[in-house]
Amino acid sequence: LKLAIGPGFAEITICPLWSRDPPINPFGSEAVLAMAPATPASSSAAPAPADADAASAAAVAGWLSPTPGLNYGLIVALQSVACAVCVVLAILEYVASRPGADIDMPSLEWAKDSGWWILPAPFIPAVVYFGLLWSAQKSEAGPDARAGAAKKDM
C-alpha cells in the first residue's frame with residue numbers, strides 16, 4: 001500500500017514493493033480526478049484563521065449533535081450500569097488486596113490483584129459523551145415535547 005501525492009491531488013495505489021507490475025488504483029481515474037482540488041496546486045490558497053476556527057467548531061458541533069431517532073436515555077442507562085459494575089469491581093479488588101484480607105474474606109480471593117475493573121472502565125468516558133448527546137437531544141426536543149411525555153406518563 002502506497003500513498004502517492006501528485007500535483008494537486010492525492011492518489012492511493014496498491015502495489016507490493018517486490019512486484020514489477022504497475023500499481024493498481026482501487027478508486028479508478030474518475031475518483032482520483034474527483035479528489036483534485038478546484039484551485040491549482042501552485043496557488044497559496046491557505047484558509048484564513050477564522051475559517052479554520054469555524055471549520056473546527058462545525059466539526060465539534062457534528063460530534064455533539066444527536067442523531068434523530070436514537071434513544072440516548074437507554075444508551076446512557078445501560079452504560080451507567082457498566083460504570084457501576086466497574087466501581088464495584090474496583091472496590092472488591094481494593095478490599096481483597098488489603099493486608100490480611102485473605103484470612104478475613106477467603107471468598108474474595110478471585111478479586112485480589114485481578115484488574116477486572118479495567119474491563120468496563122471504557123464505559124466511563126462513553127457515558128459522559130452519550131450523556132452530553134442525551135442532554136442535547138432533550139434540549140432540542142424543547143419544553144413542549146417534555147410536557148407531552150409527562151402527560152403520557154400520568
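These numbers were taken from a predicted model, which means no experiment stands behind them.

## Describing helix α3 (residues 72-97)
Moving on, step 1. For α3, spanning 26 residues, the distance from its first C-alpha to its last is 37 Å, which sits close to the expected 38 Å at 1.5 Å a residue.
Moving on, step 2. If you check which residues of α3 are buried, you get Y72, G73, V76, Q79, A82, C83, C86, L89, E93 and A96.
Moving on, step 3. The distance from a side-chain oxygen at the start of α3 to the backbone nitrogen of G73 is 3.3 Å, and the residue carrying that oxygen is N71.

## Considerations on the confidence of the model for the protein chain
Moving on, step 1. Averaged over all residues, the pLDDT of the protein chain is 73; the fraction at 70 or higher stands at 59%.
Moving on, step 2. For the protein chain, per-element mean pLDDT is lowest for helix α1 (residues 28-35), which scores 49, and highest for α3, which scores 92.

## Some words on a nonpolar patch on the surface
Moving on, step 1. Taken together, the side chains of V60, W63, L64, V128 and L132 present a nonpolar region at the surface, about 510 Å² in accessible area.
Moving on, step 2. For the nonpolar patch, the secondary structure elements donating two or more residues are α2 (49-63) and α5 (123-153).
Moving on, step 3. The residue W63 is located in helix α2 in this model.
Moving on, step 4. Taking relative accessible area as the criterion, W63 reaches 60% and is therefore assigned exposed.

What counts as what
Residues numbered from 1 in each chain as written. Predicted model: local features only at pLDDT ≥ 70, side-chain atom pairs only at ≥ 80, totals over all residues. Heavy atoms only, no water. Helix = DSSP H or I, 4+ residues; strand = E, 2+ residues; numbered from the N terminus. Expected span 1.5 Å × (residues − 1). Buried < 20%, exposed > 50% of the residue type's maximum accessible area, 1.4 Å probe, protein only. Polar contact = N/O pair within 3.5 Å; in protein donor to acceptor, adjacent residues only side chain to side chain. pLDDT = per-residue confidence, 0-100. Patch = residues over 30% accessible without salt bridge, like charges linked within 9 Å, V, L, I, M, F, W, Y side chains within 5 Å. Areas by Shrake-Rupley, 256 points an atom, 1.4 Å probe, with all protein chains shown as cover. Salt bridge = Lys/Arg side-chain N within 4 Å of Asp/Glu carboxyl O.

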